[in-house]
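Geometric and topological summary
If you want the building blocks of each chain, they are given just below.
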Amino acid sequence: QRATCEAWNTFLHCVDLAALGPNLSEIVVALLPLLTTYPDLVAGMLQYIIVKNRKLVSKHLASLFALPTVSDLDDVCQVLSEESSALDLHSQIRAVLEGIQHERTDVRLHAARNLVKLLRDFQGEVRKFVLGSEKVDPIVDEIMTALLVGARDASSELLPVLGECFGVIGAVDPGRLRTVKKGPKTFVIHQVNDVAFATELLTQLTRAFKAAAEPRIQDCCAYALQVVLKEYHCADETNDVGKKIWCSFGEDQWEVLRPHLHSRYVFEVKKAKDVGSPPFYSTASGGQTYLAWLNTWLCHLITQVTDPFAKNVFTCSSVAYKHDIQLAEFLLPIVVRIVILQNNITACQEIKNELLVVLHDAVATSKPQGSPAVKELQRLAVQTVFSVVHHLEHCHRAAAAEIGSSNVTAGRSAAASSASKASIAKHPIALFLKGIPPDLLSKVAYRYVSFARSLMYFEAQARQDSSAIDYSFAQKIYIGLEDADGIAGVFAAQKDGALSLLDKALYHESTGDLPSARSCFESSAFRDSQSFAAQQGYLRCLLNSNMVLHASDRISCLIDEHSSWSSDLNGMRLEAAWRLSQWNTMKTAQHTTPAGLLSRDGLLCQTLVAAKMADFEKFASSLSACRQEAMAAVALTCHESDAYRRSYPAVVRLHMLEELQHQIGTSPSNSGLATFSPCRRLWEDSIELVQDSYHMREPILCLRRAILNMVPSSEIVQKELSRAWLLSAQAARRAGLSMVAYSSLVYVQSIQVPEVCLEKSLLMWDKGDYQQAVLDLQRDVHVQWGPDPADTMSQVAKNNAVQARALLQLGCWMEEKALYGCDTVLKQYEDVVKLHPNWADGHFHLAKYCDHVQSTGSMDNAAKDKYLLRTVKSFGLSLSFGNKFIYQAMSRLLTIWLDYQQVETASSSSSSRRKAAEKQEQARQKKTLMALNQEMRHLLVKLTAYQFFTAFSQLVSRISHPNPTVAALLEDIISQVLVSFPQQSLWMMVAVCKSSVRERAARCQSIMEKAKSCDDRLAKVMKDFMDLANKLIEVCSRKCEGAVQTLSIDKDFRSLVRLVSDRNFSDIILPLQSSLTASLPTEKSSEQAECHQVFPANAPTIQAFLDKVEVLPSMQKPKKVWIRCSDGVTYEVLCKPKDDLRKDCRLMEFNALVNKYLYQDAESRRRNLYIRTYAVIPLSEDCGLLEWVKHTTGLRNILNKLHREDAATYMGAKELKSLLKLVDINSTLQRKKDVFLKDLLPRHPPVFYEWFLRTFPDPSAWYAARNSYARTCAVMSMVGYILGLGDRHGENVLFDMTNGDCVHVDFNCLFNLGETFQWPEKVPFRLTHNMVHALGVTGVEGAFRRCCEVTMRVARNQHDPLMSVLNTFVYDPLVEWASQGGHAGAQVEKAHTALNRIEGRLAGHSSNQGLPLSVEGQVHHQIQEATDVNNLCQLWFGWAAYL
């Protein structure tokens, strides 16, 4: 070690430290282990690098992490502390995350430990990143992604540290993390002589060379590198192939490869051992290792390769892959494919036998048997088989697509195409794959917990034989995937009697219906007392139903009756033990079970016992083992597309362990065992992070109760215990588990906790006993706090808040069920705001009720005005105390104010009495309007600009308000928003500035002048902005005659180039959806509202326009331009002429608001429901900009391409036109039906499923994409139905090729305009047979129907704020309505008619239904309408209902 230190010291003093900067973290981590032995030498080196040469390495010091607290390192630590303090928290975290993704394990470990420290030091700030705003801060996504990536191939030492990071952050609800999922990995079919293969092979060999642990292994890799570089002529600069390969690498790879261009390694060939004949796989002896089997089989396959070049490349690689599993796994599928394509029947049969031996061995037993080594061999061998089969399937699909495309390109006849189809079927790979049954692959995948793969092969088998679908197995797969919607879909789709009683029990359990599940399990166990599955399911239901004592007794009885079940029931026995704080049982289990065989709950029991005994050393080791177990589950899913969601239960366990460590401590000095340290605030924030689900929150609450039972009892401990039970009751009630909720409340009743009375009444209300719930809550409020709320004003704020909640709930119930008169309900709400005057909820509900009374009650105008004033004031107060109700309150508040109109002046013919009355009425209204204006003026000062920005479109739409005082105040509000957010506001106002209505344009100009007077810096920004808008209008409007496909910015739009290239041109943001969407602070952070970052600070600004302009071939000739922005990214924008984009813009606002409410809803968030939105900017009344939606392709394009591959059934344009002659608009329904069913559908079979398989070949990516398709399609189907969105032909429905999202474009056909077409549209949304078939075996009954119901429920619950967005059409009517003739009143009437239909749908009214339907009924009716053949056959041919 002394020599090592001296060598390091010499090295560091001999090289340029600036050049070592990128490797600084590796150097420091390498030196730290020597610090304890030679502190002086190591400290001297670190001081030399960091202190003396600080300037040379300063930009790399951020990548260093905290060093040990040693006196010799004080100067070093001081420098690092100064560098760190200069960075904000985001930058500090990102610097550490870079270390976690480092190649070296020791660097990653050191970085992970420092991330734990950093997250703990700033835990409060990190929690605010999640809870402090509408959107989770992107840094949280970055942390989670880095931790998941770090879990891949992590060492046993690193895994628990990464688990600790997860725990410190907390189990953040997956629905809150709007991570941008990476697209599916491009699947490359390597040919050995290709540049791509050579590049990948050299990359793999380089990695193996750098990772080699021994010199001998590194020499083997060096020899392989040498030969491969020579075979591909990489040293020959005149060889094009070699040059391409060499240029595909970077400097890091060149450093490794360059010495091997001319090296002279010689490999001594030894006589190969006789390994026998295939199949080589065997688990009988128990001595075979995975690497040995893999190498043996691969070496044997290479001997069968006939191509000399390929054989030489593979042979030289063999010396390396014998020591590197990753290299062998990379080569095996390629070698297998090459051997199969040689069409050697014997070799193909050997390969097939090898694969089948592994697969049959995997399903030979229902449970893994043998030693851990044998289990590991089975698991890895199965993964390898799947890798080989997956590779072959993709090659087969690519070959079929290539042959199919050549059919169309060559214009072959149907007979020739049939011959080509036959050739595909006889392709060597196709013939080989026929011998691998999909159902076998599905069962093996299920057996090894690869549920997405299992589902993919299950559906392949179902497509082959749809008459024998095993719904029971499908249900098990969906249970494994934890897909409740899929489980419900299977249950709905299965035939009568297809599911057993046990299957039904599993269905009820998976969907959260524990009472029904418990009954089914109990009945099943009664019928077959030897059924372990039934008994185990029954016990699970008992534990999940909080019947822990009953479960513990039942387990003991079962173990006495069936001793062979003891080990299988041990986990449940220990879970019951720690939940009941049965310390003796936990200790006994700890001593009787071998340490290596402890289950998850066994490890937790061991940890709790160590904590109870104050054995901190044992506690720390047990805690680490628990984290190791949880992170092992995370590591299993970290490669999947939706890794965090799939591993969330394990993350919840890590969250629990962090809470345990926080309370117990790590030493006697910081232990919380002797006295409980109140941590309620920390626990409150912690539970808010977690998914709002009983099954996710209850384990955390159970552990809290176990922790509290370990410490000495006190008043604080008892209150915390009660609170934990109360939270369990609330979670159970929200999940519909009334019995569980009631049993939890039983534990709280012995302690006087104010919240209990409210929770009991809520539970009673949910059970349908409305009158009794109200009476009980009134009585409990009287007992708890007394009859007069004023008497409690001196109590602590906490009790006031609880009482206010109870009184507010009473008021809501009184209002909902009309149990009391108006005055009583109003007083109830008034009592709430008196008791808790700073609570937004109280003011909001008071405002809503006042608004309801004045709009529906029978009273004179003076009384109505009083209620109006009270409504506006209360809405304003609710906004001043938070943003919880901002979208409801702000829109309604503005509507009341802006809709208030004075009566017209009395006519001369009126009687004197009539004139006097009208004059009096006018005076009263004038006074009311003055009061409203005064209140709005007050709110303009009190509220923030971003709060008004949420209703900016509504404000701008009323810019021509007839009342001068209102108009002036309206201008002040808009100008204040414009000053605060000039970039976003200007993009939203530009169309108004170009309005054909002079008054609107003039008012807009006046607002801009006001804004300039407030901030003179805006003058230049506004001028540049309007100049840019004018130039973009020119781009939109440029006429393109004939077949012009491109234009030039430099030649055709020189003025635009001059404007943007001017060095004084303002930094104007590009109108992207991400840059225009406000992120509001939550209620808790509203006091920091002034410093809240509403819009992204680094929004990209326009720097230059690229020269090329693409003219799209549609009728309007829209133009696509490319804009380079300040972030270095080039964005695509569509300049669209001859179209009123205000409809599209309003719909995007509507969709954005729907997204906010979907995000707020727990059920929606769990399903990750959203609408894909993009920026739409009207520049005038007939042109505008649209953000280009990248990576998408149209449904028609997808299906036509797939249909063309089978020219025998493909129906070309000529043939389709011939069918038009058979039917017209006047043909009978039966005639249309016959053509649709007999001529069109048989020639257009469902093929959309194939696009998912080709685009997302990885099973987890396929499953995630299919789910994204079902969910986004469902959400947009419901929103489209509500808005009357039509013209959903195959070019207006796009699909994202990176994640499967359904993206709708072109919203010109709104408000049921499709019903007025020559061929009226009969369907509410597009749901053709292709779209249904692509949803899988459940069809519309799975995720699609459930997501439709969730979306419709959310939309109906948020009726008012959604309608406020659409009401802007009343005051800013569409150009097309004006073009249809009629005066302004007629245009307004058209707007009202359209909006009334939308209101009806939001109230549950369907087209042909008299009474409103339930959400389920409404969704069911619309799905039936969308899939009804009678409707589909009557659609215009261009809509392509047959696709």
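Heads up: the structure comes first, above all this text.
Read on for an overview of the structure. All of these numbers come straight from a predicted model, not from anything done at the bench.

1. Some points on the sheet that holds strand E8 (residues 1293–1296)
Strand order across the open sheet formed by three strands is E7-E8-E9, with antiparallel pairing between neighbours. Of all strands in the sheet, those with a lone pairing partner are strand E7 (1192–1194) and strand E9 (1302–1304), marking the two edges. Averaged over all pairs of adjacent strands, the angle between strand axes in this sheet comes to 35°, irrespective of strand direction. Alignment of E8 against E9, held across three bridges, turns out to be antiparallel. The partner of Leu-1294 across the bridge, within E9, is Val-1303. The strands touched by helix H60 (residues 1195–1204) are E7 and E8; relative to E7, the strand with the most contacts, the crossing angle is about 70°.

2. A word on the pattern of salt bridges
Applying the stated rule across the entire model yields 56 salt bridges. Between Asp-173 and Arg-1165 there is a salt bridge, with its nearest N and O atoms 2.7 Å apart. Linking Asp-173 in the loop between helix H11 (158–169) and helix H12 (195–211) with Arg-1165 in helix H59 (residues 1162–1167), this pair joins segments that are 992 residues apart in sequence. Each member of the pair, Asp-173 together with Arg-1165, is buried.

3. A closer look at the nonpolar core
Residues Phe-314, Trp-987 and Leu-1028 are the most contacted members of the largest nonpolar core, which totals 289 residues. For Trp-987, the residues in contact, after removing those within four places along its chain, are Phe-1025, Leu-1028, Leu-1032, Ile-1068, Ile-1069, Pro-1071, Leu-1076, Ile-1177, Leu-1179 and Leu-1185. Within the second largest apolar cluster, 81 residues are counted, among which are Ala-610, Ala-650, Leu-660 and Cys-702.

4. Digging into a nonpolar patch on the surface
On the surface, Tyr-742, Val-746 and Tyr-747 cluster together to form a nonpolar patch covering roughly 310 Å² of accessible area. Tracing the chain through its elements places Val-746 in helix H40 (residues 738–748).

5. Things to note about the packing of aromatic side chains
Summed over the entire model, instances satisfying the criterion amount to 37 aromatic pairs. The aromatic ring of Phe-881 is capped on one face by Lys-942, whose charged end is 5.9 Å from the ring centroid. Looking at Arg-1401, its charged tip hangs above the ring of Tyr-1281, at a distance of 5.6 Å from the centre.

6. As for the sheet that holds strand E6 (residues 1183–1187)
Read across the open sheet, the six strands follow the order E1-E2-E3-E4-E6-E5; overall the sheet is antiparallel. The sheet is open, and its two borders are formed by strand E1 (1046–1048) and strand E5 (1176–1178), each paired with just one other strand. Each neighbouring strand pair of the sheet contributes to a mean axis angle of 25°, computed without reference to strand direction. Judged from the six bridges that link them, strand E2 (residues 1102–1111) and strand E3 (residues 1119–1125) form a sheet pairing that is antiparallel. Considered in E3, the bridge of Phe-1105 is made with Ile-1123.

7. Observations regarding unusual backbone geometry
Leaving glycine aside, a negative phi is the common case for residues, and trans is the common case for peptide bonds. Here the bond from Pro-278 into Pro-279 is cis, since omega is 0°, no more than 30 degrees from zero. Along the polypeptide, Pro-279 turns up in the loop between helix H15 (251–257) and helix H16 (290–303). The phi torsion at His-233 lies on the positive side, around 60°, for a residue other than glycine. For His-233, the location among the structural elements is in the loop between helix H13 (215–231) and helix H14 (240–247).

How each quantity is defined
- Residues numbered from 1 in each chain as written.
- Predicted model: local features only at pLDDT ≥ 70, side-chain atom pairs only at ≥ 80, totals over all residues.
- Heavy atoms only, no water.
- Pairing = 2+ DSSP bridges.
- Helix = DSSP H or I, 4+ residues; strand = E, 2+ residues; numbered from the N terminus.
- Axes fitted to C-alpha atoms, helices over the stretch in contact; angles between N-to-C directions.
- Contact = heavy atoms within 4.5 Å.
- Salt bridge = Lys/Arg side-chain N within 4 Å of Asp/Glu carboxyl O.
- Buried < 20%, exposed > 50% of the residue type's maximum accessible area, 1.4 Å probe, protein only.
- Core = buried A, V, L, I, M, F, W, Y, C linked by side-chain atoms within 4.5 Å.
- Patch = residues over 30% accessible without salt bridge, like charges linked within 9 Å, V, L, I, M, F, W, Y side chains within 5 Å.
- Areas by Shrake-Rupley, 256 points an atom, 1.4 Å probe, with all protein chains shown as cover.
- Phe/Tyr/Trp six-rings, centres within 6.5 Å; stacked < 30°, edge-to-face > 60°.
- Lys NZ or Arg CZ within 6 Å of the ring centre and 35° of its normal.

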